[in-house]
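Each chain, letter by letter, is given below.
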Amino acid sequence: MMTSLPPWRRALLAAALCLVSPWALGAPTPALVPGGIARLSIAPASEARPTVRFGDAPVLVLRDDAQWTAWIGLPLDLAPGKHSVTVSRQGKTSALSLTLKDKAYPVQHLRLKNQRMVEPDPADLRRIKAEAATQNEVKTLFRDTDAVQLDFVTPVPGRRSSAFGLRRTFNGQPRAPHRGLDIAAGKGTPIVAPAAGVVTHVGDFFFNGNTVFIDHGQGLISMFCHLDSVAIAAGTPVAQGKTVGTVGQTGRATGPHLHWSVFLNGTPVDPALFLR
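Since the model is a prediction, treat every value here as computed from it, not as a measurement.

Scoring rules and cut-offs
Residues numbered from 1 in each chain as written. Predicted model: local features only at pLDDT ≥ 70, side-chain atom pairs only at ≥ 80, totals over all residues. Heavy atoms only, no water. Salt bridge = Lys/Arg side-chain N within 4 Å of Asp/Glu carboxyl O. Helix = DSSP H or I, 4+ residues; strand = E, 2+ residues; numbered from the N terminus. Buried < 20%, exposed > 50% of the residue type's maximum accessible area, 1.4 Å probe, protein only. Phe/Tyr/Trp six-rings, centres within 6.5 Å; stacked < 30°, edge-to-face > 60°. Lys NZ or Arg CZ within 6 Å of the ring centre and 35° of its normal. pLDDT = per-residue confidence, 0-100. Contact = heavy atoms within 4.5 Å. Pairing = 2+ DSSP bridges. Core = buried A, V, L, I, M, F, W, Y, C linked by side-chain atoms within 4.5 Å. Domains from an automatic or database assignment. Axes fitted to C-alpha atoms, helices over the stretch in contact; angles between N-to-C directions.

Asks: Describe the pattern of salt bridges, listing the residues and the values that go with them.
Replies: In the structure shown here, the tally under the stated rule is six salt bridges. Residue Arg-49 pairs with Asp-146 through a salt bridge whose shortest N-O separation is 2.5 Å. Residue Arg-49 is found in the loop between β1 (37-44) and β2 (51-54), and its partner Asp-146 is found in the loop between α2 (122-139) and β9 (159-162); the two are separated by 97 residues along the sequence. Judged by its relative accessible area of 28%, Arg-49 falls in the partly exposed class. Between Arg-127 and Glu-131 there is a salt bridge whose closest N-O contact spans 2.6 Å. Highlighted residues: Arg-127 and Glu-131, both in helix α2, separated by four residues, approximately one helical turn. Look at the salt bridges and you will find they share partners, linking Arg-49, Asp-144 and Asp-146 into a network.

So, in structure tokens, the structure goes:
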């Protein structure tokens, strides 16, 4: 305990703690790989907030005690090597670079009893196309606010049953990589908001089942899928820890679990990077 330390050690410890900003204590873990997150120091905190873009998308920029920092989502299909980040500050535009390393994600083989979830019929395909457009619109929203909470909490207790980035096959057929984190939990287990935000969309999707989107600000968005029940409506502000629904098995699911996706600048990133 701190009270058992000599006075000079207590003073040093207190000074060290003061050097760390509160939001940085819960900041995501950077990972310069496809599906990871880049952290770039952009400008001194004394300047006005810079504008940062990666490709065509605006980027999350937050200030701590010393500097403005950009948090950039790196797409799963982004090639290893150097990539450019556009920065606009004090009326001038410049480019910074970041270098990605390769990452080989493992393969996961799943068996589904409902063959329509592997090979949808024409009516299903029309529904899937319309739902994809809706989801793309919601996950690319950019709500400009400085109040963005990065110290996430786990939305539901349970075993991490399927990691982000897995290359998946369903009934032997290759499908898109897993763009979220699956957490196995019993049906009806409450799901809470990992950080403060606003519920932007609630829907029932072919693959995702009952789904809730939370906009945490500046393009940082959570998506919760396969819910058994939804406890919140679109347009509702939520605090961290607020219940938004319960775990279920709706949509394409082999058992009750939460599929949690996190989007940064419109691209899915590994939610585990936000958890300690």
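From this point, things continue past the structure.
Asks: Explain the packing of aromatic side chains to me, and be specific about the residues and the numbers.
Replies: By convention here, two paired aromatic rings are described through the distance between centres and the angle between planes. Across all of its chains, the model carries four aromatic pairs by this definition. Ring centres of Phe-206 and Phe-207 lie 5.0 Å apart, and the angle between their planes is 75°; this geometry places the pair in the edge-to-face category. Assessed through its relative accessible area of 23%, Phe-207 is described here as partly exposed. Taken together, the ring pairs in this structure connect Phe-152, Trp-260 and Phe-274 into an aromatic cluster. Its guanidinium or amino end placed over the ring of Phe-207, Arg-252 lies 4.2 Å from that ring's centre, counting from NZ or CZ.

Asks: An account of the confidence of the model for the protein is requested, with residue identities and associated values reported.
Replies: Do not read the fine detail of predicted coordinates wherever pLDDT is low. Put simply, the protein has an average pLDDT of 86, and 83% of its residues get 70 or more. Below a pLDDT of 50 lies the segment residues 1-25, which in the model reaches 15 contacts outside its immediate sequence neighbourhood of four places, other chains included.

Asks: Summarise the pairing of strand β14 (residues 197-205); cite the residues concerned and give the values.
Replies: Pairing between β14 and strand β17 (residues 237-238): two bridges, direction antiparallel. Within β17, the residue paired with Gly-197 across the bridge is Val-238. Looking at chain direction, β14 and strand β15 (residues 209-217) are connected through seven bridges and run antiparallel. Directly across from Val-199, in β15, lies its bridge partner Ile-214.

Asks: If you had to explain unusual backbone geometry to someone new, which residues and values would you point to?
Replies: Phi is mostly negative for residues that are not glycine, and the peptide bonds are mostly trans. Phi at Gln-90 is positive, roughly 50°, even though this residue is not glycine. Here Gln-90 lies in the loop between β6 (81-89) and β7 (92-100). Relative accessible area serves as the criterion here: at 63%, Gln-90 is assigned to the exposed category. In this model, His-226 sits at a positive phi of 70°, which is unusual for a non-glycine residue. Structurally, His-226 can be placed in strand β16 (residues 220-230).

Asks: I'd love a proper account of the nonpolar core, names of residues and values included.
Replies: Within the largest apolar cluster, 38 residues are counted, with the highest numbers of intra-cluster contacts made by Leu-150, Phe-152, Ile-214, Leu-220, Phe-224, Trp-260 and Phe-274. Broken down by secondary-structure element, the contributors of at least two residues to this core are β4 (60-63), β12 (181-184), β15, β16, β18 (243-247) and β19 (257-264). No fewer than three residues from each of domain 1 (22-100) and domain 2 (107-274) sit in this core. Residues in contact with Phe-152, not counting those within four places in the same chain, are Gly-26, Pro-194, Ala-195, His-216, Leu-220, Ser-222, Gln-240, Trp-260, Val-262, Phe-274 and Leu-275.

Asks: So what's going on with the sheet that holds β1? Residues and values would help.
Replies: The strands that make up a sheet pair up through hydrogen bonds in the backbone, lying either parallel or antiparallel. Across the sheet, three strands lie side by side as β1-β5-β4; this open sheet has antiparallel pairing. One side of each edge strand has no neighbouring strand; the edge strands of this open sheet are β1 and β4. In this sheet, neighbouring strand axes are inclined to one another by 25° on average, regardless of whether the strands run parallel or antiparallel. Relative to strand β5 (residues 67-73), β4 runs antiparallel, the two being bridged by four bridges. Of the residues in β5, the one forming a bridge with Val-61 is Ala-70.

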